[in-house]
Every structure is written in structure tokens, then in C-alpha cells.
Amino acid sequence: MGAAERRPAVRIVHEQDVLARMRGNQDRIADAITAFAGTMTFVYLHALWFAVWIVCNEGAFGKRAVWDPYPFGLLTMIVSLEAIFLSTFVMVSQNRQAARENVRADLDFETNVRSEVWAAHIGRSLGVDPAEVEQRVQQLLAENRARMNG
């Protein structure tokens, strides 16, 4: 019997493979924008941009350099639109994170079921009483819950 024939026919699904299949170009773009928007570089660039905009529009370089006089209506509109789009990108990324967590939970559940089935088979082969083991598990879980709640 060859090595390939002795290997168990267990299919292990890797989270990264599942997530890679779910991720499209739009998701990559949303993630990149959200990742950049969450950096201090983003904050510094905006602070610089606002400072230059305000200085120019206060007339520091002459009246001809003013294109959005106080109260800076155009700047306000641009920043509002940016906030709308950034919040949308954040929500898209949060939705992807929720999907990622669902995939992780499903894979964890499958792993737990697989482990429980294997443990039951091994225990039966070793002559372990499953009812006694389950009783001990329930006792330990109850003690742990009591510690967490009290």
C-alpha cells in the first residue's frame, strides 16, 4: 500500500482560500481605501490640504488666488462628499469582515465536529465510557461558567 493510499480522506478547508474566492476587485479597492484612510498619513495630508486651502482663500497670495472665500463652501462640500464615500467604504469593509468572521466560525464548527467525532471513536476504541466523559465535561463547563459569572 502506497503513502497516498494510507492518507485519510479528510478535506481541510483553509480560511484564506475561502476568503480569496469571495474577494473581488471592488473589495480590494474598498479595503485599500479604508486601510489608507485609517492612517496618520491620511490625517497629515488632510491637515496640510485644509491649511493650504484656508491660507490661499484668506488672501495670503492676493485676491486673484482666492477661489473659495470664507466660509469655504466648496471645501465644506468636498469634505462632506469625502465623508460620505469614506463611511461607505468603511461599511463595505465591515461587511467583508463580518463575512470573514462567518467563514471562520463555520470552519471552526466543522473542526469542532470533526474533533468530537474522532474523540468519540478513539474513546470507544480505548474502552472509555462516553456518558462518564460527558458528565465530567458538563461539570467542568458549569464550574467555568460559575467562575466567569461570580
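Quick note: structure is the one above.
The structure displayed is predicted, hence computed values, not measured ones. (Residues numbered from 1 in each chain as written. Predicted model: local features only at pLDDT ≥ 70, side-chain atom pairs only at ≥ 80, totals over all residues. Heavy atoms only, no water.)

Draft legend 1. Structural detail: the overall build of the chain. Within the chain one finds six helices and zero strands. Mapped in sequence order, the helices and strands of the chain form the string α-α-α-α-α-α. Taking 2.2 N^0.38 as the reference for a compact globule, 150 residues should give roughly 15 Å; the C-alpha atoms of the chain span a radius of gyration of 29 Å, well beyond that estimate. Its C-alpha atoms put the chain at 90 × 55 × 20 Å along the principal axes. Counting across all 150 residues of the chain, residues that qualify as buried make up 13%. Nonlocal contacts in the chain, meaning residues at least 24 apart in sequence, comprise 56% of its contacts between residues at least 6 apart. Between the centroid of the 16 positive side chains of the chain and the centroid of its 17 negative side chains there is a distance of 5 Å. (Helix = DSSP H or I, 4+ residues; strand = E, 2+ residues; numbered from the N terminus. Rg over C-alpha atoms; globule rule 2.2 N^0.38 Å. Buried < 20%, exposed > 50% of the residue type's maximum accessible area, 1.4 Å probe, protein only. Contact = heavy atoms within 4.5 Å. Lys, Arg positive; Asp, Glu negative; His and termini not counted. Charge placed at Lys NZ, Arg CZ, Asp CG, Glu CD.)

Draft legend 2. Expanded view of helix H5 (residues 73-126). Here H5 spans 78 Å end to end across 54 residues, near enough to the 80 Å set by a 1.5 Å rise per residue. Taken as a whole, H5 has its buried residues at Leu75, Ser93, Arg96, Arg100, Val103, Leu107 and Gly123. (Expected span 1.5 Å × (residues − 1).)

Draft legend 3. Layout of the layout of surface pockets. By volume, the largest pocket is sized at about 280 Å³. Contributing to the lining of the largest pocket are Glu116, Ala119, Ala120, Gly123, Arg124, Val128, Pro130, Val133 and Glu134. For the lining of the largest pocket, the elements supplying multiple residues, two or more each, are H5 and helix H6 (130-149). (1 Å grid on protein atoms, 1.4 Å probe; cavity = no way out; pocket = protein on both sides within 12 Å on 5 of 7 lines; lining within 4 Å. Points joined across faces, edges and corners; volume = space filled by probe spheres on them.)

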